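As a plain string of letters, each chain reads:
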Amino acid sequence: MPLILITGTPGVGKTTVARELATRLGCGYIDVADLARREGLTLGYDEEAQAHLIDEEGVRERLRAVARGALYVVDTHVVSAVPPELVEVAIVLRLDPRELEFRLSSRGYPRRKVLENVQAEILDACLVEAVSLLGEGRVFEVDATGKSPEEVVAEVLRVIRERSGARPGSVDWLERLGDEALKYLSASA
Ligand code: DAT
């Protein structure tokens, strides 16, 4: 199974980590959103989300063709756009919602989009999708909070090599942030 999936809420550091990881592993790197745009595998533009809607079936087909025999690191928050049978291991990057809020605001995202993503991070959206599509055995969490990109890459490499690490459910923002998490969840923009 030739795909290593790096997933997580937008802003957690997927692209930074996945690119470096591919370099370290000496393999290819695929940014799913970029692939979809370049190859016309989109179903129009979602004005509200300010993002292209991915033709998930088309992307899965394309990834099946591309990944034949070769190892790739795949970067996406849309786990369902990746063929599950090709995923060797999936790493869900996690980031403290307060740091995520800061990063997404710095990116110039509108408040509504910042909040949506912060809420998705608190509610484990990507993790839940990864576990439901891939099963628990291949899914690991890496908490990037307070770590440099180099430290995160090193931790991801360890998980890939040893197939051990934080199991789904180890990161719990509701427990760690308490009322602050609830404030994010009840906020609207
Ligand atoms: P994603 O691909 O998940 O959207 P990214 O790799 O584009 O995330 O990173 C979002 C921003 O955060 C970008 O400005 C780079 C920065 N960043 C990534 N990893 C980081 C880290 N470990 N420490 C500090 N900043 C980081």
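Because the structure is a prediction, the values reported are computed rather than measured.

*Asks:* So what exactly am I meant to see when it comes to the overall build of the chain here?
*Replies:* Helix and strand counts for the chain come out as 9 helices and 7 strands. Compactness check: the chain gives a C-alpha radius of gyration of 16 Å against a globular reference of 16 Å for 189 residues, within 12% of the reference. Here the C-alpha coordinates of the chain stretch approximately 50 × 40 × 30 Å along the principal axes. Across the 189 residues that make up the chain, the buried fraction comes to 44%.

*Asks:* Please clarify how the site of the ligand should be interpreted in this entry.
*Replies:* Residues in close proximity to the ligand total 13 residues, the closest being Gly11, Lys14, Thr15, Thr16 and Arg107. Interatomic distance of 2.6 Å between a side-chain N/O atom of Thr16 and an oxygen atom of the ligand. Here Lys147 contributes a backbone N or O atom positioned 2.9 Å from a nitrogen atom of the ligand. Within the complex, 69% of the 550 Å² of free accessible area of the ligand lies under protein. Counted by class, the shell around the ligand contains 3 nonpolar, 6 polar and 4 charged residues.

*Asks:* How should the nonpolar core be read in this particular structure?
*Replies:* The tendency in soluble globular proteins is for nonpolar side chains to be buried side by side. In this structure, Ile6, Leu21, Ile91, Leu93 and Val156 are the most contacted members of the largest nonpolar core, which totals 33 residues. Looking at which element gives the most residues to this core, the answer is helix H7 (residues 149-162), with 6 residues. With sequence-adjacent residues up to four places away left out, Ile6 is seen in contact with Lys14, Ala18, Leu21, Val73, Val74, Asp75, Thr76, Ile91, Leu93 and Val156. Membership of the second largest hydrophobic core comes to 26 residues, among which are Leu3, Leu5, Tyr72 and Val87.

*Asks:* Please explain unusual backbone geometry as it appears in this structure.
*Replies:* Where the residue is not glycine, phi is negative for most of them; where a peptide bond is considered, it is trans in most cases. The phi angle at Asp124 is positive, at roughly 60 degrees, despite the residue not being glycine. Position of Asp124 among the secondary structure elements: in the loop between helix H5 (111-122) and helix H6 (125-134). Although it is not a glycine, Arg163 sits at a positive phi angle of roughly 50 degrees. Considering the arrangement of structural elements, one finds Arg163 in the loop between H7 and helix H8 (173-177).

Basis of the calculations
Residues numbered from 1 in each chain as written. Predicted model: local features only at pLDDT ≥ 70, side-chain atom pairs only at ≥ 80, totals over all residues. Heavy atoms only, no water. Helix = DSSP H or I, 4+ residues; strand = E, 2+ residues; numbered from the N terminus. Rg over C-alpha atoms; globule rule 2.2 N^0.38 Å. Buried < 20%, exposed > 50% of the residue type's maximum accessible area, 1.4 Å probe, protein only. Near = heavy atom within 4 Å. Polar contact = N/O pair within 3.5 Å; in protein donor to acceptor, adjacent residues only side chain to side chain. Areas by Shrake-Rupley, 256 points an atom, 1.4 Å probe, with all protein chains shown as cover. Nonpolar A, V, L, I, M, F, W, Y, C, P; charged D, E, K, R; others polar. Core = buried A, V, L, I, M, F, W, Y, C linked by side-chain atoms within 4.5 Å. Contact = heavy atoms within 4.5 Å.

Interpretation note: all reported values are geometric properties and have no functional meaning in isolation.
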